[in-house]
Amino acid sequence: MAPLPALPDSRTEPDGSAVIRVLSYNIRSLRDDEDAVARIIRACAPDVVCVQEAPRFFRWRRHAARLAARSELLVLSGGATAAGPLLLCSLRATVERTEDVLLPRTPGLHRRGLASAVVRIGGARLGLVSCHLSLRADERHAQAGLLLDHLAALEVPHAVVAGDINERPGGPAFRRLAGELQDCRTVRPWGGEHTWPASAPDRRIDAVYATKGVRVLGCGVPVGLPDTDLRAATDHLPVLAALHVPAA
C-alpha cells in the first residue's frame, strides 16, 4: 500500500487566499495526559484548534492558557463561558471578534454552548465555531439548527464548524449540518475515519464542516502519530482538515 500523502502545509497564496489546517479535538477536560494532548496538537501543526470538553470549573482560564502555551498556540475564545467548547489559534490569525453562546438547557442534561470567532488569515476572512452537541437525540437535532442560525448571524463569506457531534453520519443532527455545510471527511477523505473510542475506534462522531465556498484538501484522523499518546491523551481521536479559503 502506498504511503498516505501528507496534508498541505499552511500558507498564504499570492492572491491572498489561505490554506489553513483546522484540528477538532475532544480533550475530556484534561483528565488524562495533558502533555500527550499538547504533543498531539503540536504534531498536527494547526492554525486553529476547535476543542471540546475544555476545563470549565476551578481555574479554567489558567488551564486553557497552559494548554495553549504547551501547544504553541493562543486562546481565542470559549471555555467555561461556552460550557466547554474552546478555540485556540496560531499567530497567523488576526482576530476580528469573538462570541461565546450558551444554548438552551434541558433540565437534567449538561448545558451546551458554542465558542465562535471571526478571524482573518492572510486575505481570507472566516468564521469559526467549536461545538459539542447533546447526548440526547432531540436536543442534539435542535442544537444543530441553533448552530446553523448562529453561523448565519456571523455574516461572513466563509466559515468552519468543528466538534463532537455525539452522533454518526447517518443521524439526523449530523445530516442537518451536512445538508447546509460540507462534511469535510466525506468530500475529501484522508487518514483514518473513526474517532471514538480512542482505545478501539469503531465510529465517527467528530467532524469538521465548511461552508460551500471553502475547498477541502483533505480531512480525517491523522496517521503516524504515536499510538501511546493518542490513547493516553483522551477518549477521542483528533480530526485534522486542510482547507483552502478564498480571499475576501
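Residues numbered from 1 in each chain as written. Predicted model: local features only at pLDDT ≥ 70, side-chain atom pairs only at ≥ 80, totals over all residues. Heavy atoms only, no water.

J.: Any chance you could explain the environment of Val49 here in plain terms?
T.: Within the fold, Val49 resides in strand E3 (residues 48-52). Note: C-alpha distance between Val49 and Leu103 (54 residues apart in sequence) is 21 Å. Excluding residues that lie within four positions of it along the chain, Val49 makes contacts with Leu23, Ile41, Leu73, Leu86, Leu87 and Leu88. (Helix = DSSP H or I, 4+ residues; strand = E, 2+ residues; numbered from the N terminus. Contact = heavy atoms within 4.5 Å.)

J.: It is not clear to me how the side chain of Asn26 should be interpreted in this structure. Could you clarify?
T.: Following the sequence through the fold, Asn26 ends up in strand E2 (residues 18-26). What makes Asn26 buried here is its relative accessible area of 0%. Looking at Asn26, its side chain comes within polar contact range of the main-chain nitrogen of Arg28, at 3.0 Å. Within the local environment of Asn26, its side chain forms a polar contact with the side chain of Glu53, the two groups lying 3.2 Å apart. Ignoring any residue separated from it by four or fewer positions in sequence, one finds Asn26 in contact with Gln52, Glu53, His132, Asp164, Asp206, Thr234, Asp235 and His236. (Buried < 20%, exposed > 50% of the residue type's maximum accessible area, 1.4 Å probe, protein only. Polar contact = N/O pair within 3.5 Å; in protein donor to acceptor, adjacent residues only side chain to side chain.)

J.: So what exactly am I meant to see when it comes to the side chain of Arg112 here?
T.: Among the structural elements, Arg112 can be located in the loop between strand E6 (93-102) and strand E7 (113-121). Buried within the structure, Arg112 lacks any salt-bridge partner; Glu139 is the closest side chain of opposite charge, at an N-O distance of 5.5 Å. In this structure the side chain of Arg112 is engaged in a polar contact, spanning 3.3 Å, whose partner is the side chain of His132. (Lys, Arg positive; Asp, Glu negative; His and termini not counted. Salt bridge = Lys/Arg side-chain N within 4 Å of Asp/Glu carboxyl O.)

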